[in-house]
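# Inside the fold
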Amino acid sequence: MCSLVQKYNVAGPRYTSYPTVPYWNMDTFSSKKWQSTLIQSFEESNAKEGISLYIHLPFCESMCTFCGCHKRITQRHEVEELYIRTVLKEWKLYCDLFSQRPIIKELHLGGGTPTFFTPQNLKNLINGIFSMAKRAEDYEFSFEGHPNNTTKEHLQALYDVGFRRVSFGVQDYNVKVQQAIHRIQPFANVKNVTQWARQIGYTSIGHDIIFGLPFQKEEHVRETILRTKELRPDRLAFYSYAHVPWLKGNGQRGYKDADLPSAEEKRQQYETGKALLAEVGYREIGMDHFALPTDALYKSMQSGELHRNFMGYTASKTQAMIGLGASSISDSWYSFAQNVKGIEEYQHLVENNVIPVYRGHILTDEDRVIRKHILNLMCGFKTSWSLPSLRFEAIDEVRERLREMERDALVLVVEDGVEVTEKGRPFIRNICMAFDVLLHKKEPEKRLFSMTI
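First, a word on what this report is: a plain description of the structure on this page. Since we're looking at a predicted model, the values are computed, not measured.

Conventions we followed
- Residues numbered from 1 in each chain as written.
- Predicted model: local features only at pLDDT ≥ 70, side-chain atom pairs only at ≥ 80, totals over all residues.
- Heavy atoms only, no water.
- Helix = DSSP H or I, 4+ residues; strand = E, 2+ residues; numbered from the N terminus.
- Rg over C-alpha atoms; globule rule 2.2 N^0.38 Å.
- Buried < 20%, exposed > 50% of the residue type's maximum accessible area, 1.4 Å probe, protein only.
- Contact = heavy atoms within 4.5 Å.
- Areas by Shrake-Rupley, 256 points an atom, 1.4 Å probe, with all protein chains shown as cover.
- Lys, Arg positive; Asp, Glu negative; His and termini not counted.
- Charge placed at Lys NZ, Arg CZ, Asp CG, Glu CD.
- Polar contact = N/O pair within 3.5 Å; in protein donor to acceptor, adjacent residues only side chain to side chain.
- Axes fitted to C-alpha atoms, helices over the stretch in contact; angles between N-to-C directions.
- Left-handed = near helix turned anticlockwise from the far one by under 90°.
- Nonpolar A, V, L, I, M, F, W, Y, C, P; charged D, E, K, R; others polar.
- Pairing = 2+ DSSP bridges.
- 1 Å grid on protein atoms, 1.4 Å probe; cavity = no way out; pocket = protein on both sides within 12 Å on 5 of 7 lines; lining within 4 Å.
- Points joined across faces, edges and corners; volume = space filled by probe spheres on them.
- Salt bridge = Lys/Arg side-chain N within 4 Å of Asp/Glu carboxyl O.

On to the overall build of the chain, then. Scanning the chain from N- to C-terminus turns up 15 helices and 19 strands. Relative to the globule expectation of 22 Å for 453 residues, the C-alpha radius of gyration of the chain, 21 Å, shows essentially globular dimensions. With respect to the principal axes defined by its C-alpha atoms, the chain has extents near 55 × 50 × 40 Å. Looking at the chain residue by residue over its 453 residues, the buried ones come to 58%. Within the chain, counting contacts between residues at least 6 apart in sequence, those at least 24 apart form 73% of the total. Accessible area for the chain stands at about 18900 Å²; split by element, carbon and sulfur atoms hold 50% of it. The average position of the 57 basic charges and that of the 55 acidic charges among the side chains of the chain differ by 2 Å.

In structure tokens:
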């Protein structure tokens, strides 16, 4: 395994989209085109499957130095109400485009720290959203909770407006690691919020655990997994720390590259954690996710309905996903669009009745075909090009790139498709890269992505 780790540990995307953001073509994009594709997608899918809504709540009271997300560090909670008013006005700008009320199937609150906001303000936000929309019959609402500031009142308020899934950021329980990432978080806090959520009635509770953090050792991962087993969350995100300190606005500081585990150490941390999770019944879902067989994420994988988008893995697919809030990314299936990142600029544009996107990408026919293959690999570990609609011009080049991986027993290539082996699952990002024709046409001139291992 070590030689394969050395061979395949390269910078690569996590494929929450294809094309990936650095390869978006701004020459063919405009806000007007984005809105046109969204209206088309909405008319095609709203009545049939509904839409997804992601709301970015970017405020945090303190900086976690492992985080690569867009956030604003502040303890001034008076920012909450203006931000919520702006999000609701942005939502109205979108609703005004449509010929019927949106039917929301999935809604996710991400951050930042959603529980930075008071319980009442969160209820006001959700009630405001549904003053202009309807719930799908099989809706799923979820949010990210910080164990240090999520209260019973937060959990109850969001439960009252329809939330049944919550994920708590754990990262690691070792004190030295927590100090390095500026996230001091006792096990007791995680235990409290997990138990409160169960008592209130949440049906899916998740924990996020990271390996490859500064000063993290294999025994730290083992201890974190063992403590996690005590609480038995329904699903787990167990993923590799993405070290991208060169990105503007990134908070990854306070430690050096030399403080990070090597690629081989990271892979051993993952294998140790994976084995411990398997012992107590967790099943591997796609890339870096695990769930109990009773959880909707596992059931969706078994039924072939597992999907991946800018919200990560979801239990079902909607054709249209609208992102609200500063820096949010939207997906109409035919195009992507990202909002401006600055909170003040975002608020100014929306106040002036402007949908606040600043960049995006209109997908070509080839983009959509390749996107389908990457989704198949990410969600089901196999894909096929047997149908004419799933073939594309560079398919022979892709097959050739896969041959090297086949020699390493990472994939099985057949006449009209490819299947990832058990040995190849840790290298799923590399396998998807074989399909990324844009990446191979033009290698990035500077470092853009985190390492794949």
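That covers the picture; the talk isn't over yet.
Tracing the sequence through the fold places Thr-383 in strand S17 (residues 382-384). For Thr-383, a relative accessible area of 7% translates into the label buried. For the pair Thr-383 and Lys-372, spaced 11 residues apart in sequence, the C-alpha separation works out to 8.6 Å. Excluding residues within four positions of it along the chain, Thr-383 makes contact with His-373, Asn-376, Leu-377, Gly-417, Val-418 and Phe-435. Separated by 2.8 Å, the side chains of Thr-383 and His-373 make a polar contact.

Look at the link from Tyr-18 to Pro-19: it is a cis peptide, with omega at -5 degrees. With respect to the helices and strands, Pro-19 occurs in the loop between helix H1 (2-8) and helix H2 (31-49). Going from Gly-111 to Gly-112, the amide bond is cis rather than trans, its omega being 15 degrees. Here Tyr-15, not a glycine, exhibits a phi torsion of approximately 55 degrees, which is positive.

With their axes 10 Å apart at the nearest point, helix H5 (residues 152-160) and helix H7 (residues 187-200) run at an angle of 35 degrees to one another. Seen from above, H5 lies across H7 with right-handed handedness. Where H5 abuts H7, its residues Lys-152, Leu-155, Gln-156 and Tyr-159 lie against Val-193, Trp-196, Ala-197 and Ile-200. Of the residues belonging to the contact of H5 with H7, the class tally is 6 nonpolar, 1 polar and 1 charged.

Another aspect to go through is the pairing of strand S5 (residues 134-145). In terms of strand pairing, strand S4 (residues 103-111) meets S5 through 6 bridges, oriented parallel. Counterpart to Glu-106 in the pairing with S5 is Glu-140.

Once that is clear, we can look at the sheet that holds strand S19 (residues 417-420). Taking strand neighbours across the sheet as the criterion, the 3 strands line up as S17-S19-S18 in an open arrangement whose pairing is antiparallel. Taken across any chain shown, the strands that pair with only one partner, and hence form the sheet edges, are S17 and strand S18 (411-414). Between one strand axis and the next, the sheet turns by 10 degrees as a mean value, whatever way the strands run. Sheet analysis places S18 next to S19, joined by 4 bridges and oriented antiparallel. Each bridged residue has a counterpart across the sheet, and for Val-413 the counterpart in S19 is Val-418. Here helix H12 (residues 365-380) sits on the sheet in contact with S17 and S19, set at roughly 150 degrees to S17. Seen against the sheet, helix H13 (residues 395-407) touches S18 and S19 and runs at an angle of roughly 135 degrees to S18.

Throughout the structure, instances matching the rule amount to 3 cavities of 30 Å³ or more. Estimated volume of the largest cavity: approximately 120 Å³. When contributions to the lining of the largest cavity are tallied by element, the ones reaching two or more residues are helix H9 (263-279) and helix H14 (428-433). Of the residues in the lining of the largest cavity, the class split is 6 nonpolar, 3 polar and 6 charged.

Before going further, it helps to examine the pairing of strand S1 (residues 51-57). The buried fraction of S1 amounts to 7 of the 7 residues, a majority that puts the element mostly inside the structure. Where burial is concerned, the two faces of S1 agree: the one with Ile-51, Leu-53, Ile-55 and Leu-57 and the one with Ser-52, Tyr-54 and His-56 are both buried. Bridge analysis of S1 against S4 gives 7 bridges, and the strand direction is parallel. Among the inter-strand pairings, Leu-57 is bridged to a residue of S4, identified as Gly-111. The pairing of S1 with strand S13 (residues 321-324) spans 4 bridges and is parallel. By the bridge assignment, Tyr-54 is partnered in S13 with Gly-323.

Attention now moves to the pattern of salt bridges. Pairing between side chains of opposite charge can happen when their charged atoms approach one another. One pass over the structure, following the stated rule, counts 19 salt bridges. Of the charged contacts, one joins Arg-72 and Glu-344 as a salt bridge, the two residues approaching to 3.0 Å between their closest N and O atoms. Here Arg-72, found in strand S3 (residues 72-73), pairs with Glu-344, found in helix H11 (residues 343-351); they are 272 residues apart in sequence, far enough to count as distant. The class of Arg-72 is partly exposed, set by a relative accessible area of 30%. The class for Glu-344 is partly exposed, based on a relative accessible area of 48%. Between Asp-96 and Lys-92 there is a salt bridge, with its nearest N and O atoms 3.0 Å apart.

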